[in-house]
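Examining the three-dimensional arrangement
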Amino acid sequence: MITLEHVSKEYVEGVPALNDVSLNIEAGEFVFIVGDSGSGKSTMIKLLLKELEPTSGKLIINKKELAKVNHRNIPYYRRNIGCVFQDFRLLKDRNVYENVAFAQRVISASNRSIKLNVPKILSLVGLAAKYRSKPSELSGGEQQRVAIARALVNEPKILLADEPTGNLDGHNAWEIMKLLEEINERGTTVLVVTHNMDIVNAMKKRVITLKKGVVVSDEQMGGEEE
Amino acid sequence: MKISAFFYTLKQGCKNIMRNKMFSIASIATMAACIFMFGIFYSVVINFQNVVQNVESGVAVTAFIDGDLTDEQIDQLQQEIENNPVAKISKCDFVTAEEAWQDVVDNYFDGDEEMAEGFEEALAESEHFDIYMEDVSTQSELVSYLEGLDGIREVNQSEMAANVLTDANRLIGYVSIAIIAILVCVAVFLISNTVNTGISVRKEEIAIMKLIGATDFFVRGPFIVEGILIGLIGSVIPLAVLYSLYEKIIGYVGDKFHFLDNMLTFVPVNSIFKILLPVGLILGVGIGYIGSRVTLHRHLNV
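Residues numbered from 1 in each chain as written. Chains lettered and ligands numbered in written order. Predicted model: local features only at pLDDT ≥ 70, side-chain atom pairs only at ≥ 80, totals over all residues. Heavy atoms only, no water.

**As for the overall build of chain B**
Where we set the bar: A run of H or I in DSSP counts as a helix once it spans at least four residues, and a run of E counts as a strand once it spans at least two, with each numbered from the N terminus. Here the term buried applies to any residue with accessible area under 20% of the maximum for its type, exposed to any over 50%, and partly exposed to those in between, with areas from a 1.4 Å probe on protein chains only. Residue contacts are defined here by distance: any two heavy atoms, one from each residue, within 4.5 Å place the two residues in contact. Each accessible area value is a Shrake-Rupley result obtained with a 1.4 Å probe; residue values ignore everything except the protein chains displayed when judging cover.
Each helix and strand in chain B was counted, giving ten helices and four strands. Going from the N terminus to the C terminus, chain B shows its helices and strands as α-α-β-α-β-α-α-β-α-β-α-α-α-α. By the burial criterion, 43% of the 302 residues in chain B qualify as buried. Restricting to contacts in chain B with at least 6 residues of sequence separation, those with at least 24 account for 84%. Here chain B displays about 16,600 Å² of accessible surface, and carbon together with sulfur accounts for 61% of that area.

**With respect to unusual backbone geometry**
One non-glycine residue with positive phi stands out, namely histidine 6 of chain A, at about 50°. In this structure, histidine 6 of chain A sits in strand S1 (residues 2-12).

**Considerations on the interface of chain A and chain B**
The criterion, for reference: Simply put, the buried area is the total loss of 1.4 Å probe accessible area from both parts when two parts are fitted together. In what follows, salt bridge is the name for a side-chain nitrogen of Lys or Arg lying within 4 Å of a carboxyl oxygen of Asp or Glu. Whenever two N or O atoms come within 3.5 Å, that pair is a polar contact, provided that in protein one can donate a hydrogen and the other can accept it, and provided that, for residues adjacent in sequence, both atoms are side-chain atoms. When residue character is reported, Ala, Val, Leu, Ile, Met, Phe, Trp, Tyr, Cys and Pro are called nonpolar, Asp, Glu, Lys and Arg charged, and the others, Gly included, polar.
Contact with chain A, which involves 24 residues of that partner, is made by 21 residues of chain B. Between chain A and chain B, a total of about 1,900 Å² is buried, with carbon and sulfur atoms accounting for 59% of that surface. For the pair chain A and chain B, the number of links is zero salt bridges. At the boundary of chain A and chain B, one finds four residue pairs in polar contact (both at pLDDT 80 or more). Broken down by secondary-structure element, the contributors of at least two residues to the side of chain A that touches chain B are helix H2 (74-78), strand S6 (81-85) and helix H3 (96-106) of chain A. The biggest single contributor to the side of chain A that touches chain B is H3 of chain A, with four residues. Here the side of chain A that touches chain B is built from residues that sort into eleven nonpolar, four polar and nine charged.

**Here's the deal with the side chain of glutamine 12 of chain B**
Of note, glutamine 12 of chain B is situated in helix H1 (residues 3-19). Discounting residues that sit within four places of it in the chain, glutamine 12 of chain B has contacts with Arg94 of chain A together with Arg19, Arg202, Glu205 and Pro222 of chain B.

**Remarks on a nonpolar patch on the surface**
Residues and elements named next belong to chain B. Under the convention used in this document: Patches here: salt-bridge-free residues with over 30% relative accessible area, like charges joined within 9 Å, nonpolar side chains (Val, Leu, Ile, Met, Phe, Trp, Tyr) joined within 5 Å.
Taken together, the side chains of Ile233, Ile237, Val241, Leu245 and Ile249 present a nonpolar region at the surface, about 380 Å² in accessible area. In this structure, isoleucine 237 sits in helix H9 (residues 216-256). On the basis of relative accessible area, isoleucine 237 is assigned to the partly exposed category, the value being 44%.

**Points about the side chain of serine 292 of chain B**
Residue and element names in this part refer to chain B. Inspection of the secondary structure assignment puts serine 292 in helix H10 (residues 269-299). At a separation of 2.8 Å, a polar atom in the side chain of serine 292 contacts the main-chain carbonyl oxygen of glycine 288. Excluding anything up to four places from it in sequence, serine 292 contacts Ile191, Val195, Phe223, Ile224 and Gly227.

**Some remarks on helix H6 (residues 170-185) of chain A**
Residues and elements named next belong to chain A. Heads up, the rule is: Any helix carries an expected span of 1.5 Å times its number of residues minus one. Comment: arc refers to directions from the helix axis out to C-beta atoms.
Under the 1.5 Å per step criterion, the end-to-end length of H6 is 23 Å for 16 residues, consistent within 8% with the ideal 22 Å. All of the buried residues in H6 are Asn172, Ala173, Ile176, Met177, Leu179, Leu180, Ile183 and Asn184. For H6, the angular spread of buried residues about the axis comes to 155°, placing them on one side. Projecting away from the buried face of H6 at angles above 90 degrees are the exposed residues His171 and Glu185. Elements in contact with the buried residues of H6: strand S3 (30-34), helix H4 (111-124), helix H5 (140-152), strand S7 (158-162), strand S8 (189-194) and helix H7 (197-203). Just downstream of H6, glycine 187 is the residue with a positive phi angle, here 115°.

By themselves, these are just geometric observations and shouldn't be taken as functional.
The structure is reproduced here in structure tokens:
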């Protein structure tokens, strides 16, 4: 599903943010990417979203080599990838329903399918009752649920989550991780970038550790030893 | 493009205008001022051109013919003049010596033949053609052509009048282009500024749109709609004001300044608006479209 072959990215010549990274993630996997600040986690997410081009190496997503996706086709490529961020990135002037519907409008979905899909996905994330609320009226956890609903409403095959629990308290962080696990169980490949080692250790999923742009470990059922 | 996406784009474009209310109003006002100035300028130019054309239509070349030509030869000469290859002729009148004399008596001696006695000899063999051109700038070519024709004895022309009128027409053309270019630039700059503000206000939204797979068209659409709407509103208002003002001004000048009646014939408002309305609307919408496109191209790498 996601393959990186000797991928390097240098923002400044000679200073690699990612250095010769190779890895393979199968369809349906749940993977944590961990590492300190500056280890290259966010760069990896940006490369996967084709916000950045690698300096060298090859990225293959859904059997498609990213270098061959031209500018015109980037939007269509991104429609197969849902993304969730630490700061939620919701539209503050629109309510929960409109925020989720927005993702459907972007792909020119019909009004009929919007009316069908949005309530369904809001039920999945447990926010059906709050569809009229503005983001400012929701807790951090609820805002992240809206962001997840928006990422999922177009039924992407891959979900990228960049520090999804970074702004949440322990309880809400757990709730979000449970939701991501549930989404993964429904068949979506989930890639979570996080600092939160408590969660990583408890969930016993595959863990890829980056350090200064290099993969230093890749463990199935990973996590630090207690 | 799906109908729902079309209406969504339209709705977002309208919302953009409301979101940046003050900037939108400022842009509409300035656009309206530009189109209003353009309309006034256009009306003045068209009326001035009308005056020039009226004067031009009175400028004629006089071609005197040999006295021994038969009627048949005169007819043939007239046809040659009318079908000449160098200048379009609007009118070619043959004037006999008697008619020329009568004309002199009427114009210079107030119709008193007795007073005019003695001058008749000077007008012997004065049969001629009065030739009126559609464009006086072709006068010198026409004169050269006439001088080369058999049967033409002498050609009289008013070179100064033709040159002044040609120069006046050219000057009007240059000034029109310069003023229109300045107005268009000012308006494009203003629309661009409004859209620019809209983009900075919505930068986050645009970034989200891009991340969830919005096409370039989806991102740009609302801004283009915004620019076009500002252009449209900014042109409809001044055109409507101009329409009612023009009629009132014509009426006022006609009532108060009767002595101008012979010199000034105003072009009717409907004739002016036959051109001004579509041009004004196209200018407004076009400037709106170009202004937003230019800004989007500069600021959005989508």
